[in-house]
Amino acid sequence: MDLGLDQRLVDAALAQLHRRWPADEPGGAAALRLDDGEILTSVGLDNLNGGVSLCHETGAICQAYTLNRRVTASVCVYRDPQRDQVLILPPCGICQERLAMWGPEVQVAVPDADSATGWRARTLRDVNPYYWGSQFTDDGMWPSQKSHSE
């Protein structure tokens, strides 16, 4: 069973996007793969007060954490009706931090115009090679999930 980022995971995010947002509106969705292959999806929380808005990945991340499950891969998609396309969004810094508790090998989608799919899988370590949390470990390695929760 493949636990990495693949087209099935991207398709799950796209299906969630299309279920939640009308085709002529901007909107986004995310999909996460868990350590047994299960896929969780979520959408962002928009609010008049921008300070309480949440990224598209947040709901699925919280659900994985609630289930005490390990995340292996994540993708976020966003429909841009002005350009008539769906974009692959790499995780923002906050979502990188949320995903970091599952380690540097979590795969995330990043845009890649040279790829036939328009995206490429990268690990969090690739996306953030100078992760700040490793400065607080004795060996300079990525902090464990346990240390993220302490």
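Conventions and cut-offs
- Residues numbered from 1 in each chain as written.
- Predicted model: local features only at pLDDT ≥ 70, side-chain atom pairs only at ≥ 80, totals over all residues.
- Heavy atoms only, no water.
- pLDDT = per-residue confidence, 0-100.
- Helix = DSSP H or I, 4+ residues; strand = E, 2+ residues; numbered from the N terminus.
- Salt bridge = Lys/Arg side-chain N within 4 Å of Asp/Glu carboxyl O.
- Expected span 1.5 Å × (residues − 1).
- Buried < 20%, exposed > 50% of the residue type's maximum accessible area, 1.4 Å probe, protein only.
- Arc of directions from axis to C-beta.
- Contact = heavy atoms within 4.5 Å.
- Polar contact = N/O pair within 3.5 Å; in protein donor to acceptor, adjacent residues only side chain to side chain.
- Pairing = 2+ DSSP bridges.

A.B. asks: How do you make sense of the confidence of the model for the chain when you look at a structure like this?
C.D. replies: Predicted coordinates in regions of low pLDDT should not be interpreted in detail. On average, residues of the chain carry a pLDDT of 91, and 98% of them reach 70 or more. Mean pLDDT in the chain bottoms out at helix α5 (residues 145-149), which sits at 74, and peaks at strand β2 (residues 39-42), which reaches 98.

A.B. asks: Teacher, can you tell me more about the pattern of salt bridges here?
C.D. replies: If the charged atoms of two oppositely charged side chains come close together, the side chains can form a pair. Per the stated rule, a full pass over the model turns up 7 salt bridges. The residue Arg69 makes a salt bridge to Asp36 at a minimum N-O spacing of 2.5 Å. Of the two residues, Arg69 sits in the loop between α2 (58-66) and β3 (71-80) while Asp36 sits in the loop between β1 (27-34) and β2, which places them 33 residues apart along the sequence. Counted as one network, the salt bridges with shared partners bring together Asp35, Asp36, Glu38 and Arg69.

A.B. asks: I keep staring at the environment of Gly59 and nothing clicks. Help me out?
C.D. replies: Among the secondary structure elements, Gly59 is positioned in helix α2. Linking Gly59 and Asp6, residues 53 residues apart in sequence, is a C-alpha distance of 20 Å.

A.B. asks: What's the story with helix α1 (residues 7-20) in this structure? I'm lost.
C.D. replies: Owing to its 3.6 residues per turn, the α-helix aligns residues three or four sequence positions apart on the same side. The first and last C-alpha atoms of α1 sit 20 Å apart over 14 residues, in line with the 20 Å expected at 1.5 Å per residue. Looking at α1, one finds that the buried residues are Leu9, Val10, Ala12, Ala13, Gln16 and Leu17. Looking straight down α1, one finds that the buried residues subtend no more than 155 degrees of arc, so they occupy a single side. Along α1, exposed side chains directed more than 90 degrees from the buried face belong to Arg8, His18 and Arg19. Looking at the buried positions of α1, the neighbouring elements they touch are β1, β2, β3, β4 (85-89) and β6 (119-123).

A.B. asks: How should the environment of Arg8 be read in this particular structure?
C.D. replies: One can find Arg8 in helix α1. Along the chain, Arg8 and Ile39 lie 31 residues apart, while their C-alpha atoms are 9.3 Å from each other. Beyond its immediate sequence surroundings of up to four residues, Arg8 is in contact with Arg33, Gly37 and Ile39.

A.B. asks: I'm lost on the side chain of Gln16 in this one. Help?
C.D. replies: Tracing the sequence through the fold places Gln16 in helix α1. Here the side chain of Gln16 touches Arg19 through a polar contact of 2.9 Å, side chain to side chain.

A.B. asks: What is the right way to look at the side chain of Arg33 in this model?
C.D. replies: Looking at the secondary structure, you find Arg33 in strand β1. One polar contact links Arg33 to Asp6, side chain to side chain, over a distance of 3.2 Å.

A.B. asks: Help me out: how do you make sense of the pairing of strand β5 (residues 107-111) in this one?
C.D. replies: Side-chain positions along a regular strand alternate between the two faces of the sheet. Sheet topology places β3 next to β5; 2 bridges connect them, and they run parallel. Bridge pairing links Ser74 to Val108 in β5. In this sheet, β6 lies alongside β5 in antiparallel orientation, the contact comprising 5 bridges. The residue of β6 that forms the bridge with Val108 is Arg122.

A.B. asks: So what exactly am I meant to see when it comes to the pairing of β1 here?
C.D. replies: Of all 8 residues making up β1, 8 are buried, and the element is well covered by its neighbours. Alternating residues of β1 divide into Gly27, Ala29, Ala31 and Arg33 and Gly28, Ala30, Leu32 and Leu34, and every residue in both groups is buried. In this sheet, β3 lies alongside β1 in antiparallel orientation, the contact comprising 8 bridges. Its bridge partner lying in β3, Leu34 is registered against Val71. Two strands pair when backbone bridges link them, and β1 and β2 are joined in this way by 4 bridges, in the antiparallel orientation. Bridged to Ala30 within β2 is Ser42. Hairpin connection of β1 to β2: 4 residues between the antiparallel strands, including Gly37 at a positive phi of 95 degrees.

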